[in-house]
Amino acid sequence: MKDIKHFINGEYVGSASGKTFDNVNPANGRVLSRVHEAGREEVNAAVNAARAAFNGPWGRMTVDQRTEILHKVADGINARFEEFLDAECQDTGKPRSLASHIDIPRGAANFKVFADLIKNVPAESFEMPTPDGTGALNYGIRRPKGVIGVISPWNLPLLLMTWKVGPALACGNTVVVKPSEETPTTTALLGEVMKAAGVPDGVYNVVHGFGGNSAGAFLTEHPDVDAFTFTGETGTGETIMKAAAKGVRQVSLELGGKNAGIVFADCDMDKAIEGTLRSVFANCGQVCLGTERVYVERSIFDEFVARLKAGAESLVIGPPDDETSNFGPLISLKHREKVLSYYQKAIDEGATVITGGGVPDMPAELAHGAWVQPTIWTGLKDDSPVVTEEIFGPCCHIRPFDSEAEAVQLANSLPYGLASAIWTENVTRAHRVAAQVEAGIVWVNSWFLRDLRTSFGGSKQSGIGREGGVHSLEFYTELKNICIKL
Ligand SMILES: NC(=O)c1ccc[n+]([C@@H]2O[C@H](COP(=O)([O-])OP(=O)(O)OC[C@H]3O[C@@H](n4cnc5c(N)ncnc54)[C@H](O)[C@@H]3O)[C@@H](O)[C@H]2O)c1
Ligand SMILES: O=C/C=C/C=C(\O)C(=O)O
């Protein structure tokens with residue numbers, strides 16, 4: 001059985017405690033590997049290595065030297081594309097067609113984009129008058145923050161981890177990454193790529209383990225980490241924020257959501273159906289930006305529901321290596337329990353189950369996988385937990401609305417504010433509604449269309465701060481003002 005070890009100071013090392021846990025393939029329930037669980041000892045070693053590399057070779061490199069190496073990291077991911085793809089698909093069960101188009105290419109792009117960006121961002125400067133008439137010049141310079149703790153989730157493991165590591169390293173920081181316990185493999189594999197690309201030892205460190213009372217907590221409690229960047233559940237974000245408060249460390253939090261899609265009668269129905277199908281069911285509904293609440297103008301409600309049902313029923317459920325499959329399992333049987341509890345709650349609360357609602361029949365070799373049916377409901381009250389809480393599964397509730405104002409009010413009615421998708425061909429309405437929806441990211445007539453130069457993050461309980469483009473550079477650097485009296 002393959003062992004997955006920590007990557008500390010350029011070497012793969014096991015845990016001193018000997019503690020390991022199983023990494024399971026959620027498509028068939030088979031154990032893929034044995035993962036070492038970090039104790040405080042390994043987390044200390046990783047943070048110390050990161051500090052030494054920050055004070056040493058990485059910190060002393062020019063921006064050109066650093067960015068050249070980061071381009072090699074991106075090239076290294078692409079050169080081992082199939083290995084990354086296999087690892088990601090086995091850890092998550094997601095279709096190869098999805099991971100080969102989104103997860104792995106974005107893993108490489110996250111290094112290239114930020115390596116290029118760091119070289120092209122101007123600094124601010126202000127001339128000022130002084131009483132003696134000679135004046136003064138203020139200018140800003142950016143310096144890396146230091147050692148960054150990166151804590152990432154399981155839904156898009158390589159993509160979401162490199163989304164943080166790429167800009168952190170481009171800015172000259174060093175990192176200690178704690179990937180999700182569900183999906184350790186690509187984060188571990190990236191250590192080999194880093195080494196081969198010439199990233200100095202200690203710049204990229206990985207410790208494996210769980211959250212509370214394990215590697216995640218040990219990392220956030222470590223006093224020598226300068227800032228934390230986290231993607232995951234809102235409740236975990238709160239815990240991390242508390243830990244980061246000790247020592248007044250900065251946090252960037254990309255958290256949960258309960259995103260609304262708003263479909264107006266003046267939409268292009270084909271586009272709205274195609275986009276909503278993706279936003280509800282892609283990655284088995286395990287995308288933070290995904291839609292779980294769909295509000296549809298009453299005059300097209302019945303047609304929309306019928307067409308979304310037909311689309312959901314045409315999804316091909318199957319394992320990653322089945323090339324026809326476009327719908328994989330959930331991440332784990334534990335997560336399936338949570339999703340199925342909402343499926344049951346919907347029935348208990350009198351929902352009309354338009355399609356799905358249970359577990360699909362799967363062949364014997366997949367019977368132990370975390371499969372669920374794509375599911376659509378109508379008829380629930382606005383305050384049902386199925387409509388107000390993040391399920392993170394392949395499901396949505398569809399509700400009719402009668403006016404634009406009502407649609408906006410419904411979309412804004414929850415404490416989350418990550419993303420929204422608006423479907424209308426009326427350009428004035430698109431601008432008007434997009435400006436009113438309380439969310440960090442609004443798509444009009446599209447979904448998950450990403451330009452990495454744009455801001456990314458959530459409002460309300462969906463997060464703190466923005467990453468993406470210059471916003472990432474802002475988080476991963478300290479801006480210093482230098483005032484020169486002339
Ligand atoms: N806003 C975004 O950009 C975004 C993107 C993807 C996922 N998400 C959210 O992530 C969630 C799904 O991911 P998940 O279930 O892995 O999230 P999670 O919060 O359970 O875990 C995320 C990471 O935090 C670690 N962790 C857990 N408890 C911790 C603790 N006490 N201290 C330190 N680390 C701890 C976990 O081990 C894991 O590595 C959903 O809520 C989803 O909406 C948000
Ligand atoms: O599941 C959440 C998806 C997040 C996507 C990104 O962070 C991104 O595209 O940069």
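About the cut-offs
- Residues numbered from 1 in each chain as written.
- Chains lettered and ligands numbered in written order.
- Predicted model: local features only at pLDDT ≥ 70, side-chain atom pairs only at ≥ 80, totals over all residues.
- Heavy atoms only, no water.
- Core = buried A, V, L, I, M, F, W, Y, C linked by side-chain atoms within 4.5 Å.
- Buried < 20%, exposed > 50% of the residue type's maximum accessible area, 1.4 Å probe, protein only.
- Helix = DSSP H or I, 4+ residues; strand = E, 2+ residues; numbered from the N terminus.
- Domains from an automatic or database assignment.
- Contact = heavy atoms within 4.5 Å.
- Pairing = 2+ DSSP bridges.
- Axes fitted to C-alpha atoms, helices over the stretch in contact; angles between N-to-C directions.
- UniProt positions renumbered as here; feature names shortened; annotations may be inferred.
- pLDDT = per-residue confidence, 0-100.
- Near = heavy atom within 4 Å.
- Polar contact = N/O pair within 3.5 Å; in protein donor to acceptor, adjacent residues only side chain to side chain.
- Areas by Shrake-Rupley, 256 points an atom, 1.4 Å probe, with all protein chains shown as cover.
- Nonpolar A, V, L, I, M, F, W, Y, C, P; charged D, E, K, R; others polar.
- Phe/Tyr/Trp six-rings, centres within 6.5 Å; stacked < 30°, edge-to-face > 60°.
- Lys NZ or Arg CZ within 6 Å of the ring centre and 35° of its normal.

J.: Quick question: what am I supposed to make of the nonpolar core here?
T.: Generally speaking, a soluble globular protein has its nonpolar side chains buried in company with each other. Core analysis: the largest hydrophobic core is formed by 63 residues, its most contacted members being Val-165, Leu-190, Tyr-204 and Leu-289. For this core, the leading source of residues is helix 7 (residues 157-170), giving 9 residues. Each of domain 1 (2-255 + 462-485) and domain 2 (259-453) contributes no fewer than three residues to this core. Discounting chain neighbours no more than four positions away, the residues touching Val-165 are Phe-111, Val-150, Val-175, Val-177, Met-194 and Tyr-204. In this structure, Met-269, Cys-284, Phe-327 and Val-386 belong to the second largest nonpolar core, which totals 50 residues.

J.: In this structure, what is going on with the sheet that holds strand 4 (residues 20-24)? I would like to understand it.
T.: Think of a sheet as strands paired side by side through backbone hydrogen bonds, with each pair either parallel or antiparallel. The 3 strands are arranged 1-5-4 in an open sheet whose pairing can be described as mixed. What marks the edges here is a single partner per strand, and that holds for strand 1 (2-4) and strand 4. Averaged over all pairs of adjacent strands, the angle between their axes in this sheet comes to 35°, without regard to strand direction. Looking at chain direction, strand 1 and strand 5 (residues 31-36) are connected through 3 bridges and run parallel. Across the sheet, Asp-3 pairs through a bridge with Arg-34, a residue of strand 5.

J.: Which parts of the structure should I look at to understand the UniProt feature "domain: Aldehyde dehydrogenase" (unreviewed entry) in the chain?
T.: According to UniProt, the feature "domain: Aldehyde dehydrogenase" (unreviewed entry) maps to residues 13-482 in the numbering used here. In residues 13-482, helix accounts for 40% and strand for 20%; the two terminal C-alpha atoms are 43 Å from one another.

J.: Honestly, the environment of His-471 in this entry has me stumped. Any pointers?
T.: Residue placement: His-471 occurs in helix 17 (residues 469-475). Expressed as a C-alpha distance, the spacing of His-471 and Arg-453, which sit 18 residues apart in the sequence, is 8.6 Å. For His-471, the contacting residues outside a window of four places in its chain are Thr-454, Ser-455 and Arg-466.

J.: Sorry if this is basic, but what is going on with the confidence of the model for the chain here?
T.: A low pLDDT means the predicted coordinates there should not be read in detail. When the pLDDT values of the chain are averaged, the result is 98; 100% of them are 70 or greater. Both scores are available for the predicted complex, with the pTM at 0.97 and the ipTM at 0.95.

J.: Is there a simple way to think about the site of ligand 2 in this case?
T.: By nearness alone, every residue bordering ligand 2 is listed as Arg-106, Asn-155, Leu-156, Leu-159, Leu-160, Trp-163, Val-287, Cys-288, Leu-289, Phe-448, Arg-450 and Phe-456. Between ligand 2 and Asn-155 there is a distance of 2.8 Å, counted from an oxygen atom to a side-chain nitrogen or oxygen. Interatomic distance of 2.8 Å between a backbone N/O atom of Cys-288 and an oxygen atom of ligand 2. The protein chains hide 99% of the 300 Å² of surface that ligand 2 would expose on its own. Here the shell around ligand 2 takes 3 residues from helix 7, the largest share from any one element. The class makeup of the residues in the shell around ligand 2 is 9 nonpolar, 1 polar and 2 charged.

J.: I tried to follow the site of ligand 1 on my own but got confused; where do I start?
T.: Taken together, 30 residues form the shell around ligand 1, and within it Lys-178, Glu-181, Thr-236, Leu-255 and Glu-390 come nearest. Between ligand 1 and the protein, one listed contact pairs an oxygen atom with a backbone N or O atom of Gly-232 at 3.5 Å. Sorting the residues of the shell around ligand 1 by element identifies helix 9 (215-221), strand 11 (227-231) and helix 10 (234-245) as the ones contributing at least two each. Per-element accounting of the shell around ligand 1 gives the leading share, 3 residues, to helix 10. Two domains share the shell around ligand 1, each providing at least three of its residues, namely domain 1 (2-255 + 462-485) and domain 2 (259-453).

J.: In this structure, what is going on with the packing of aromatic side chains? I would like to understand it.
T.: To describe a pair of aromatic rings, you give the distance between the ring centres and the angle between the ring planes. Taken as a whole and assessed by the stated rule, the structure comprises 10 aromatic pairs. Each ring, one from Phe-114 and one from Trp-163, has its centre 5.7 Å from the other, and the planes form 65°; the classification is edge-to-face. Of this pair, Phe-114 sits in helix 6 (residues 103-118) while Trp-163 sits in helix 7, placing them 49 residues apart in sequence. As far as the burial class goes, Phe-114 and Trp-163 line up, both buried. With a centroid separation of 5.4 Å and 75° between ring planes, the pair formed by Phe-264 and Phe-401 is classed as edge-to-face. You can see Phe-264 sitting in the loop between strand 13 (259-263) and helix 11 (269-281) and its partner Phe-401 sitting in strand 17 (residues 395-401), a full 137 residues away along the chain. The class of Phe-264 is buried, set by a relative accessible area of 0%. The structure contains a cluster of three or more aromatic residues connected by ring pairs, namely Phe-7, Tyr-12 and Tyr-204. Here the basic side chain of Lys-345 rests over the ring of Tyr-342, its NZ or CZ set 5.5 Å away from the ring centre.

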